[in-house]
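As a plain string of letters, each chain reads:
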Amino acid sequence: MARWLTPDGQLLSGQLPAGLAGRHYGPTLLSYILYQHHHCYVTQPCCWSS
């Protein structure tokens, strides 16, 4: 369950989508990160020759 406290002191709560249970990020963002890592080599160190 997610809870937020509004600036006027009201407490809002609601259920998170089933795909987010126990996770910080949704499946769309996770798949994008994996794509960038495995197909675009985004997180790999860059080798510059001198």
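Everything quoted here is computed from the prediction, not taken from an experiment.

Reading the values: the criteria
Residues numbered from 1 in each chain as written. Predicted model: local features only at pLDDT ≥ 70, side-chain atom pairs only at ≥ 80, totals over all residues. Heavy atoms only, no water. Helix = DSSP H or I, 4+ residues; strand = E, 2+ residues; numbered from the N terminus. Expected span 1.5 Å × (residues − 1). Buried < 20%, exposed > 50% of the residue type's maximum accessible area, 1.4 Å probe, protein only. Contact = heavy atoms within 4.5 Å. Pairing = 2+ DSSP bridges.

## Digging into helix α1 (residues 27-39)
- Relative to the 18 Å expected for 13 residues at 1.5 Å per residue, α1 spans 18 Å between its end C-alpha atoms, a close match to the ideal helical length.
- Backbone geometry just downstream of α1 places Tyr41 in the positive-phi region, at approximately 55 degrees.

## Here's the deal with the side chain of Gln36
- Summarising the element assignment, Gln36 is placed in helix α1.
- Look at Gln36 and you get buried, because its relative accessible area is 18%.
- Beyond its immediate stretch of four places on either side in the chain, Gln36 contacts Tyr41 and Val42.

## Points about the pairing of strand β2 (residues 11-14)
- Pairing analysis gives four bridges linking strand β1 (residues 2-5) to β2, with the strands arranged antiparallel. Opposite Arg3, over in β2, you have Ser13 as the bridge partner.
- Hairpin connection from β1 to β2: five residues lie between these consecutive antiparallel strands, with Gly9 at a positive phi of about 95 degrees.

That's the geometry; what it means functionally is another story.
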